[in-house]
Amino acid sequence: MLNIYQQTISKPLTFCGIGLHSGQKSKMTIYPGKEDQGIIFKRVDLTKNNVILADYKSVSSTRLCTTLENKFGTKVSTVEHLLAALYISEIDNVIIEINNEEVPILDGSAKEFIKKILPTGLKISDAPIKVIKINQKVEFKDGERFISIQPSKLSLDIEFELKYKNKLIGNQKNKINVYEDDLEEIFNSRTFCLYEDIEAIKKIGLAKGGSLDNAIVVKGNNILNEGGLRNDKEFVNHKILDCIGDLYTTGYRIIGSVICSQGGHFLSNQLLRKIFENKDNFSIIEIK
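Computed from a prediction, not measured in an experiment: that's the story for all the values here. (Residues numbered from 1 in each chain as written. Predicted model: local features only at pLDDT ≥ 70, side-chain atom pairs only at ≥ 80, totals over all residues. Heavy atoms only, no water.)

Draft legend 1. Summary view of the packing of aromatic side chains. Counted under the stated rule, the structure contains eight aromatic pairs. Through successive ring pairs, a cluster of aromatic residues spans Y56, F276 and F282. A cation sits over an aromatic face here: K116 above F15, 4.9 Å from the ring centre. A cation over a ring is seen here: K219 above Y195, with NZ or CZ 4.4 Å from the ring centre. (Phe/Tyr/Trp six-rings, centres within 6.5 Å; stacked < 30°, edge-to-face > 60°. Lys NZ or Arg CZ within 6 Å of the ring centre and 35° of its normal.)

Draft legend 2. Spotlight on the sheet that holds strand β17 (residues 216-219). The strand order across the open sheet built from three strands is β16-β17-β18, with neighbouring strands paired in mixed fashion. The open sheet has two edge strands, β16 (192-194) and β18 (222-223), and neither has a second partner. Of the strand pairs in this sheet, β16 and β17 are connected by three bridges, and their pairing is parallel. Counted as the bridge partner of F192 is I216 from β17. Strands in contact with helix α5 (residues 234-247) are β16, β17 and β18; relative to β17, the strand with the most contacts, it is inclined by about 140°. (Pairing = 2+ DSSP bridges. Helix = DSSP H or I, 4+ residues; strand = E, 2+ residues; numbered from the N terminus. Contact = heavy atoms within 4.5 Å. Axes fitted to C-alpha atoms, helices over the stretch in contact; angles between N-to-C directions.)

Draft legend 3. Representation of helix α2 (residues 111-120) in the model. Here α2 has its buried residues at F113, I114 and I117. Mapping the buried residues of α2 onto a view down its axis gives an arc of 85°, with all of them on the same face. α2 presents K115 and P119 as exposed residues on the side facing more than 90 degrees away from its buried surface. Where α2 is buried, its residues meet β1 (5-9), β2 (13-18), β3 (25-32), α1 (80-88), β10 (122-128) and α3 (184-187). Just downstream of α2 lies G121, where phi reads positive at about 85°. (Buried < 20%, exposed > 50% of the residue type's maximum accessible area, 1.4 Å probe, protein only. Arc of directions from axis to C-beta.)

Draft legend 4. Structural context of the sheet that holds strand β7 (residues 67-69). Strands sit in the order β6-β7-β8 across an open sheet of three strands; the sheet is antiparallel. Edge positions in the sheet fall to β6 (59-61) and β8 (75-77), since each has one partner strand and no second. Direction aside, the axes of adjacent strands within the sheet are offset by 35° on average. Both β7 and β8 contribute to a ladder of three bridges, which runs antiparallel. Bridge pairing links L68 to V76 in β8.

Draft legend 5. Representation of the pattern of salt bridges. The final tally for this structure, using the stated rule, is eight salt bridges. Ionic pairing is found between D55 and K57, a salt bridge with its closest N-O pair at 3.3 Å. We classify D55 as buried; its relative accessible area is 18%. Looking at K57, the relative accessible area reads 53%, which means it is exposed. (Salt bridge = Lys/Arg side-chain N within 4 Å of Asp/Glu carboxyl O.)

Draft legend 6. A look at a negative patch on the surface. Taken together, the side chains of E180, D181, D182, E184, E185 and D232 define an acidic patch exposed on the protein surface. Structurally, the position occupied by E185 is in helix α3. (Patch = residues over 30% accessible without salt bridge, like charges linked within 9 Å, V, L, I, M, F, W, Y side chains within 5 Å. Areas by Shrake-Rupley, 256 points an atom, 1.4 Å probe, with all protein chains shown as cover. Lys, Arg positive; Asp, Glu negative; His and termini not counted. Charge placed at Lys NZ, Arg CZ, Asp CG, Glu CD.)

So this is what it looks like as structure tokens:
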């Protein structure tokens, strides 16, 4: 059930690890935030122009991850798993200090973030939350790929479909209610790639920190990771996790119903931009 008061973490939390794409080590500390502050990143390796808002308008790249960039060109990338963890944990306000350009990938899911956030307890404020209520259907298409959102009474529903030529992944579909369902299989699900794509990804300067410790690798009909999959729909569940994180760049939780086929960071961001182009598409409601 959706909490109606704004929340933050009760004490600072630190995460250290390697960046999936940069291959560089980074240290990140999440600090409690003030009411109505939202999610703010701060690059502490820089001395000025180092604050970046988690805002859909700040998304400058969606190539294999979501990258945020401020007007001075300061970036922070691979933010989607952390933002999904904050959304699922119902955290509204935090300051995230990081000493590098990329959020640590950890195990490739949001599991380690949530595992550390929830036991520490949350600090509840007196300020009511605000939610975005979708008023009419909005959709974005890119060839055969599409994403849409339409009105929903009280929930955020996400229905996601994957279509892969690889027989092991194949066609997968799942639908969840973000505020009512047990989301453990969603936040436990890891990022993935096909073995034959690894060389091409590395040629464009990405996945320098990728390994079997932080990504599922599929080769033919085999999972190369020891222990295999964590759940039967781990591939599509990870895409749902990414979608939740990307939706949180609105700054608010959402009441609506999302349907997506073969989507990713690009489609999610384009949908958000299209929603906010027209004020008739949405309402921002303060829950009291």
